[in-house]
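Chain and residue survey
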Amino acid sequence: MAEKSIETLSGSILAGLSCACPRCGQGKLFHGFLTLRPRCDVCGLDYGFADAGDGPAVFIMFLAGFIVVGAALVTEVMYHPPYWVHAALWLPLILIVTLGPLRPMKGLMIALQYHHKAEEVRFGGDEP
Ligand SMILES: [Zn+2]
């Protein structure tokens, strides 16, 4: 376990976008499409801390909505195509701009969570 750990924010971002372990940048993060592995195969980091929640989906919904709705509006105003053309254009584009970046965005969220040591607030203990 003498692997070099990632120290910089840019290194963490690159590891996250490439769906790699946020500590070593070499082990795989996902088992399936979005299912996390229990731990890193290379450095042994336990991925139990990782909880991206709805964060990746929210960012992608905003970005995809901006792209698809903007493109559909521009196309409608400029060309007035029939509805089947809209369906043929925008349904595949919706799948591409939502499912495509979902995995790297989830990896990015987990990498940033690890880099900034973000975790849930815990109450109790010896706080006043
Ligand atoms: Zn690792």
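These remarks concern the structure in this document. Numbering of residues begins from 1 in every chain and follows the order in which that chain's sequence is written. A pLDDT threshold of at least 70 governs which residues receive local features in this predicted model, and a stricter bar of 80 or more applies before side-chain atom pairs are shown or counted, although totals over entire chains, interfaces and linings include all residues. For side-chain calculations, the full set of non-hydrogen atoms in the structure is used, while hydrogens and water are omitted.

So, the overall build of the protein
Runs of H or I in DSSP of at least four residues are treated as helices and runs of E of at least two as strands, each being numbered from the N terminus. Scanning the protein from terminus to terminus reveals 3 helices and 0 strands. Every radius of gyration here is taken over C-alpha atoms, with the globule rule written as 2.2 Å times N^0.38, N being the number of residues. Taken over C-alpha atoms, the radius of gyration comes to 19 Å for the protein, far larger than the 14 Å a tight globule of 128 residues would show. For the protein, the spread of C-alpha atoms along the principal axes amounts to about 65 × 40 × 25 Å. Counting every position in the protein, which comprises 128 residues, the buried fraction comes to 29%. Between two residues, a contact is recorded if the distance between any of their heavy atoms is within 4.5 Å. Look at the contacts in the protein between residues 6 or more apart in sequence, and 54% of them connect residues 24 or more apart. When the accessible surface of the protein is split by element, carbon and sulfur atoms take 67% of a total near 8700 Å². Type-normalised accessible area, obtained with a 1.4 Å probe on protein chains alone, sets the label of each residue: buried when under 20%, exposed when over 50%, and partly exposed for intermediate values. In this description, accessible areas are obtained by the Shrake-Rupley approach with a 1.4 Å probe, and a residue is regarded as covered only by the protein chains that are shown.

Overview of the environment of methionine 109
Topologically, methionine 109 is positioned in helix H3 (residues 83–115). In this structure the C-alpha to C-alpha distance between methionine 109 and aspartate 46, which are 63 residues apart in sequence, comes to 16 Å. When residues no more than four places from it in sequence are discounted, the contact partners of methionine 109 are Ala52, Gly55, Pro56 and Phe59.

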